[in-house]
Amino acid sequence: MVSFITVLTSNTATASSASLGWTSIIWLVLLLVAFYFILIRPQRKKEKKEEVKKLAEEMKEAKLILLTDYRGINVSDVTKLRAELRNSKSEYRVIKNNITRRALAEAGIEGLDNLLEGPTAVVMNNEDYLETAKAIYNYSKDNDFYKIKGGVIDGKVMTAEEIITLAKLPSRETLLSMLAGALLGNISKVAVALNEVKKQKEAAGEKVTVAVAAEETTVSTEEAKEDELRRLTALE
């Protein structure tokens, strides 16, 4: 009888301990949930809001915004691309589509929401958009999985095809050289034309001088004849 009471008491104590253990766990979980919703979640929302605001300001200042699909490339490839883009003072960032979408809306840029599907990297430049577009295009040619989705150039929303067409243009240095060559060619033509006009004027001036000299000679001869005639008349 004593043994039975002992076993019963022992089982009851074990059950009570287990019950207290589960209760503690439940209370701990509830406390963690409350902590998340009261402290952590508001802080994260604030951080995301600040991130969106900062990104939107950067987008407003950017001359170029490119959205690219970076699936299929590894960390080493991305590191090389980042280094190449830094040479043209561009920035390459992987940003959540939701953040990018909200930043575009806050910056007043429309027409890119349909491109924010799947992994998206954002490339921005505040100075020379042509070199950056060429760098991304050349990289996409060497990496089949890397794609240009679309973007914004000088405030204008452009498709991937339009950006690729722009990227195929000669570089800025080449264009400047071509322009300088064209200007020098035109200047040379103008100089030759002016020289021809000068020669023609000089030739015309010489003819006038000769004609005047001949006229002066004729007048002098006639005056001499008249003087000689008057002298002979006086002698008679």
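Look up a bit, the structure's there.
Asker: Would you explain the nonpolar core in this entry?
Answerer: The nonpolar side chains of a soluble globular protein tend to be buried, and buried together. Judged by nonpolar contacts, the single largest core of 23 residues is most densely connected at Leu81, Leu85, Tyr92, Ile136, Tyr146 and Ile163. Elements supplying a minimum of two residues to this core: strand E1 (64-69), helix H2 (75-87), strand E3 (121-125), helix H4 (129-142), strand E4 (147-153) and helix H5 (160-167). Ranked by residues supplied to this core, first place goes to H4 with six residues. Every residue in contact with Ile136, bar those within four places of it in the chain, is listed here: Leu66, Thr68, Leu81, Leu85, Val123, Tyr146 and Ile148.

Asker: Which parts of the structure should I look at to understand the pairing of E4?
Answerer: Consecutive residues of a regular strand have side chains that alternate between opposite faces of the sheet. Judged by how many residues are buried, E4 sits mostly within the fold: six of seven residues are covered. The pairing of E4 with strand E5 (residues 156-159) spans four bridges and is classified as antiparallel. Across the sheet, the residue bridging to Gly150 is Thr159, located in E5. The turn joining E4 and E5, which pair antiparallel and follow one another in sequence, is formed by two residues; a positive phi near 50° is taken by Asp154.

Asker: Help me understand a nonpolar patch on the surface in this model?
Answerer: Together, Trp22, Ile25, Val29 and Val33 make up an exposed nonpolar region whose accessible area comes to about 400 Å². Relative to the assigned elements, Val33 resides in helix H1 (residues 2-61). Residue Val33 is classed as partly exposed on the basis of its relative accessible area of 40%.

Asker: Would you mind showing me how to read unusual backbone geometry here?
Answerer: Leaving glycine out, the prevailing phi sign among residues is negative, and the prevailing peptide bond configuration is trans. Not every positive phi belongs to a glycine, and Lys89 is a case in point at roughly 60°. Of note, Lys89 is situated in the loop between H2 and strand E2 (90-94). Judged by its relative accessible area of 59%, Lys89 is exposed.

About the thresholds
Residues numbered from 1 in each chain as written. Predicted model: local features only at pLDDT ≥ 70, side-chain atom pairs only at ≥ 80, totals over all residues. Heavy atoms only, no water. Core = buried A, V, L, I, M, F, W, Y, C linked by side-chain atoms within 4.5 Å. Buried < 20%, exposed > 50% of the residue type's maximum accessible area, 1.4 Å probe, protein only. Helix = DSSP H or I, 4+ residues; strand = E, 2+ residues; numbered from the N terminus. Contact = heavy atoms within 4.5 Å. Pairing = 2+ DSSP bridges. Patch = residues over 30% accessible without salt bridge, like charges linked within 9 Å, V, L, I, M, F, W, Y side chains within 5 Å. Areas by Shrake-Rupley, 256 points an atom, 1.4 Å probe, with all protein chains shown as cover. Salt bridge = Lys/Arg side-chain N within 4 Å of Asp/Glu carboxyl O.

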